[in-house]
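Examining the three-dimensional arrangement
If you want the building blocks of each chain, they are given just below.
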Amino acid sequence: MNILMLGVGGFIGSNLAAHLLANSDHVIAGIDDNDEKIADIQHERFTFIPGDVRRIGDKVDDLVRWADVVVDLIAYANPSIYITRPLDVVNLNLFQNLELIDRCIKHRKRLVQFSTSEVYGLSEGRRKPFSEDETNLVMGPVKKQRWIYASAKELLERIIYAHGQQDGLDFTIIRPFNFVGPKFDYLVGPGALGGPRVFSHFMSALLTGGPMQLVDGGHAHRSYTHIDDASRAIQLIIDRPSACHQEILNIGSPQNGATVRELAHLMLDLYRELTGKSSEAKLVDIAGTSFYGEGYEDCDWRIPDIRKLEALGWQPRINLRDTFRSTMAWYLDRIDSADELPSYLRAEAVSLA
Ligand code: NAD
Ligand code: UDP
């Protein structure tokens, strides 16, 4: 199968491309405006096309025509950007995608669209796993800009669904639940605010001795999914077009739930186990509005219902401890062994969104 991957240079894209090349015969063409995380992928079935999708429309069109399936991963996906650059989020994560949908309809190609588990929004006290076709999507107030990301993704899903009904668009929508693994976002300097997602902040703190900052006390609850489990699920979705036709699918590990505070303790413990020494990182509380900006509001609880994927034969295999243990081991090995680190593994640079 010919696969066009948009956003191949990101966390999910780089891991997924490597997984598919190792575990299938698929031919991959990947577009991104950053190639750092795929520099190690040299394969005869992989072609990288550098570029900003907003500026290479003709090339994207040719590649959609070439592809059997288009996997779209491009988005701004860090909460700090939702607050500091909300219009960029809507322009890239929603409006840019409308062009891609039109191209898939024009060339009659299947679209596998990455959405987000954040579309479920606030749990409002519900403690029932979020289910694709049943759970209500509950956003916070407009003045809480954090929700612009989830709202844009929600509208994107609704537009894709409508094109499925009206134009017969062959699509599958994926809602990832906090994937974790190698090449996740980028490391930051001690005490950096905003920026990458929680694993990268905590890993940076362990490495630099900077604080592990618990936003609003670290009470928020997530379930974390190892990228290898996620890549197997995505491969299944790519390989089973008729079973996934016009479906929305959660990918997540319901057993891997933890609060952010519990996660900080787990990573401190794993750091000791992996290095034989204690990190100097200390837990400190910080208000979400100080860490991300005034428009921040958190999702309090998020666990997936995965019965739809289970019915296709997939189950997560990697538990919470092993998810973080193997990811942290990858970082420690890379940082120890490399002569020159790529920029996303350099913790000294303070990166603000
Ligand atoms: P990422 O930021 O690592 O990857 C996105 C990639 O898109 C980056 O490599 C970036 O360079 C590229 N990109 C951005 N704008 C571009 C442009 N204009 N032209 C070309 N390339 C561009 O994010 P990720 O974690 O890999 O997430 C991928 C998708 O999955 C996103 O749609 C995100 O919303 C969704 N998602 C991910 C998670 C998760 O757990 N990682 C959770 C929920 C949703
Ligand atoms: N978080 C935190 N400290 C950090 C970074 C994030 O306490 O240094 C919290 C954040 O407020 C949220 C959780 O960790 O409650 C997960 O954040 P992330 O950005 O990884 O994912 P998302 O909120 O998109 O699920």
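Computed from a predicted structure; not experimentally measured.

Section: the confidence of the model for the protein
- Confidence in the prediction for the protein averages 96 pLDDT; 98% of positions are at 70 or higher.
- Helix α3 (residues 79-84) is the least confidently modelled element of the protein, averaging 91 in pLDDT, while strand β6 (residues 171-176) averages 99, the highest of any element.
- Scored below 50 in pLDDT, residues 349-353 makes 15 contacts in the model with residues more than four places away or belonging to other chains.

Some remarks on the site of ligand 2
- What surrounds ligand 2 is a group of 19 residues, the closest being V198, Q213, R222, Y296 and D298.
- At 3.1 Å, a side-chain N or O of R146 approaches an oxygen atom of ligand 2.
- Contacts to ligand 2 include Q213, whose backbone N or O atom sits 2.7 Å from a nitrogen atom.
- Of all the elements in the fold, those that place two or more residues in the shell around ligand 2 are α6 (198-208) and β8 (212-215).
- Grouping the constituent residues of the shell around ligand 2 by class yields 10 nonpolar, three polar and six charged.

A few points about helix α1 (residues 11-23)
- Over its 13 residues, α1 extends 18 Å from the first C-alpha to the last, a length consistent with the 18 Å expected when each residue adds 1.5 Å.
- Turning to α1, its buried residues are F11, I12, G13, S14, N15, L16, A17, H19, L20 and L21.
- Structurally, α1 contributes buried residues whose contacts are with β1 (2-6), β2 (27-32), β3 (46-50), β5 (110-114), β7 (179-180) and α7 (227-239).

Considerations on the site of ligand 1
- If you check the shell around ligand 1, you find 26 residues, and the closest are F11, D32, Y149, K153 and F179.
- Taking F11, its main chain carries an N or O atom lying 2.8 Å from an oxygen atom of ligand 1.
- Note that a nitrogen atom of ligand 1 is positioned 2.9 Å from one of the side-chain N or O atoms of D52.
- Relative to its free-state accessible area of 820 Å², ligand 1 is covered by the protein chains to the extent of 91%.
- Secondary-structure elements contributing two or more residues to the shell around ligand 1 are α1 and α5 (147-167).
- Here the shell around ligand 1 is built from residues that sort into 12 nonpolar, eight polar and six charged.

Here's the deal with the layout of surface pockets
- Taken as a whole, the second largest pocket spans an internal volume of roughly 210 Å³.
- Counting residues per element, the ones that place at least two in the lining of the second largest pocket are α5 and β11 (247-251).
- Ranked by residue count, the leading element in the lining of the second largest pocket is α5, at four residues.

Looking at the state of the cysteines
- As enumerated under the stated definition, the model contains zero disulfides in all.
- With no disulfide of its own, C244 lies closest to C104 among cysteine sulfurs, the gap being 16 Å.

Here we look at the nonpolar core
- In terms of nonpolar packing, the biggest core is built from 66 residues, with M5, I251, M267 and F324 touching the most fellow members.
- When residues of this core are assigned to their parent elements, the largest contribution, eight residues, is made by helix α8 (residues 260-275).
- Leave out the neighbours within four places in its chain, and M5 touches G13, L16, A17, L20, I28, A29, G30, I31, V71 and L73.
- If you look at the next biggest cluster of nonpolar residues, it comprises 33 residues, including V53, I148, I160 and I173.

Looking at empty space enclosed by the protein
- Under the criterion given, the structure shown has two cavities of 30 Å³ or more.
- By volume, the largest cavity is sized at about 120 Å³.
- Along the walls of the largest cavity sit L6, V53, G57, V60, D72, I74, L92, Q96, N97, E99, L100 and R103, which together make up its complete lining.
- Contributions of two or more residues to the lining of the largest cavity are made by α2 (57-66) and α4 (86-106).
- Classifying every residue of the lining of the largest cavity by side-chain character gives six nonpolar, three polar and three charged.
- Put simply, the second largest cavity is a space of about 70 Å³.
- Lining the second largest cavity are 13 residues, and of these G191, H201, A205, P211 and Q213 lie nearest its centre.
- Elements with a minimum of two residues in the lining of the second largest cavity: α6 and β8.
- For the lining of the second largest cavity, the residue count by class is seven nonpolar, six polar and no charged.

Thresholds, definitions, all that
Residues numbered from 1 in each chain as written. Chains lettered and ligands numbered in written order. Predicted model: local features only at pLDDT ≥ 70, side-chain atom pairs only at ≥ 80, totals over all residues. Heavy atoms only, no water. pLDDT = per-residue confidence, 0-100. Helix = DSSP H or I, 4+ residues; strand = E, 2+ residues; numbered from the N terminus. Contact = heavy atoms within 4.5 Å. Near = heavy atom within 4 Å. Polar contact = N/O pair within 3.5 Å; in protein donor to acceptor, adjacent residues only side chain to side chain. Nonpolar A, V, L, I, M, F, W, Y, C, P; charged D, E, K, R; others polar. Expected span 1.5 Å × (residues − 1). Buried < 20%, exposed > 50% of the residue type's maximum accessible area, 1.4 Å probe, protein only. Areas by Shrake-Rupley, 256 points an atom, 1.4 Å probe, with all protein chains shown as cover. 1 Å grid on protein atoms, 1.4 Å probe; cavity = no way out; pocket = protein on both sides within 12 Å on 5 of 7 lines; lining within 4 Å. Points joined across faces, edges and corners; volume = space filled by probe spheres on them. Disulfide = S-S within 2.5 Å. Core = buried A, V, L, I, M, F, W, Y, C linked by side-chain atoms within 4.5 Å.

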